[in-house]
Amino acid sequence: MRELEYKEFLESAEEINSKNKAVKSRISRAYKAEDILGCSLDEIVIDDDRMYDALQLINHDSRENNGNIQNAVRWYYKFANGKTFPRLTAYRKL
């Protein structure tokens with residue numbers, strides 16, 4: 001994960017209100033996602049099928065709580081690709 005660049009991206013995002021806490025939480029959860037997935041998020045976000053599979057895997061992991069880890073991965077996808085990853089149900093239909 002490119003932590004410094006990701007942090008700067010999150011800090012500049014208008015959608016994030018409480019910058020300090022929210023940014024730290026997303027970075028922490030992104031590292032947790034890498035632990036669950038066993039690889040860097042950079043390897044995941046380069047391919048939409050990998051991204052879909054990763055979100056599915058995270059969703060079924062006991063460490064996931066209310067989609068928080070998936071949210072951090074989605075933000076990393078947005079940082080890396082400049083676009084939002086679709087909802088899982090919408091992606092399945094593609």
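Below is a short write-up of the structure. The residue numbering used here restarts from 1 in each chain and proceeds along that chain's sequence as written. Under the rules for a predicted model, residues below a pLDDT of 70 receive no local features and side-chain atom pairs below 80 are neither given nor counted, while totals for whole chains, interfaces and linings still include all residues. Excluding hydrogens and water, the side-chain values take into account all heavy atoms of the structure.

1. Examining the overall build of the chain
Starting at the N terminus, helices and strands are each numbered in turn, a helix being any DSSP run of H or I of at least four residues and a strand any DSSP run of E of at least two. Looking only at helices and strands, the chain features six helices and zero strands. Helices and strands appear in the chain in the N-to-C order α-α-α-α-α-α. Radius of gyration: C-alpha atoms only; globule rule: 2.2 Å multiplied by the number of residues to the exponent 0.38. Relative to a compact globule of 94 residues, whose C-alpha radius of gyration would be 12 Å, the chain shows 12 Å and is just as compact. Its C-alpha atoms give the chain principal-axis dimensions of about 35 × 25 × 25 Å. Residue exposure (1.4 Å probe, protein chains only): buried if accessible area is under 20% of the type maximum, exposed if over 50%, otherwise partly exposed. Relative to its 94 residues, the chain shows a buried fraction of 38%.

2. A word on the side chain of E34
Mapping E34 onto the fold places it in helix α2 (residues 19–37). Counting rule for charge: Lys and Arg are taken as positive, Asp and Glu as negative, and neither His nor the chain ends is counted. Any Lys or Arg side-chain nitrogen located within 4 Å of an Asp or Glu carboxyl oxygen qualifies as a salt bridge. One buried charged residue, E34, remains without a salt bridge, the closest side chain of opposite sign being R2 at 9.1 Å. Non-local contacts of E34, meaning those with residues more than four positions away in its chain, are made with M1, C39, S40 and L41. Should any heavy atoms of two residues lie within 4.5 Å, those residues are counted as being in contact.

3. Digging into the packing of aromatic side chains
What counts as a ring pair is set by centres within 6.5 Å for rings of Phe, Tyr and Trp (its six-membered ring), and what kind of pair is set by the plane angle: stacked under 30 degrees, edge-to-face over 60, tilted for all other angles. Under the definition given, this model contains eight aromatic pairs. Aromatic ring contacts, followed pair by pair, group Y6, F9, W75, Y76 and F79 into a single cluster. The rule for a charge over a ring is simple: NZ of Lys or CZ of Arg within 6 Å of the ring centre, and within 35 degrees of the ring normal. Above the ring of W75, the side-chain terminus of K78 is found at 5.1 Å from the ring centroid.

4. Some thoughts on helix α4 (residues 48–59)
Taking 1.5 Å of rise per residue, the twelve residues of α4 would be expected to cover 16 Å, and the 16 Å separating its terminal C-alpha atoms lies within 8% of that figure. Looking at α4, one finds that the buried residues are M51, Y52, A54, L55 and I58. The buried side chains of α4 occupy one side of the element, clustering within an arc of 165° when seen end-on. On the buried face of α4, the contacting elements are α2, α3 (41–44), α5 (68–81) and α6 (88–93). As used in this structure description, the phrase polar contact means that two N or O atoms lie within 3.5 Å; if the pair is within protein, one of them must be able to donate a hydrogen and the other to accept it, and residues adjacent in sequence are counted only when both atoms belong to side chains. Where α4 begins, the side chain of D47 points an oxygen toward the backbone nitrogen of D49, at a separation of 3.1 Å. Under the convention used throughout, the expected extent of a helix is 1.5 Å for every residue step, that is, one less than its residue count. The arc in question is formed by the directions pointing from the helix axis toward the C-beta atoms.

5. Brief notes about the pattern of salt bridges
For the structure shown, the criterion picks out five salt bridges. The shortest N-O distance in the salt bridge between R2 and E5 comes to 3.7 Å. For R2, a relative accessible area of 33% translates into the label partly exposed. For D42, the salt bridge is made with R2, and the minimal N-O distance between the two is 3.3 Å. On the criterion of sequence distance, the pair formed by D42 in helix α3 and R2 in the segment before α1 (3–12) is long-range, its members being 40 residues apart. Each of the salt bridges in this network shares a partner with another, and the network as a whole consists of R2, E5 and D42.

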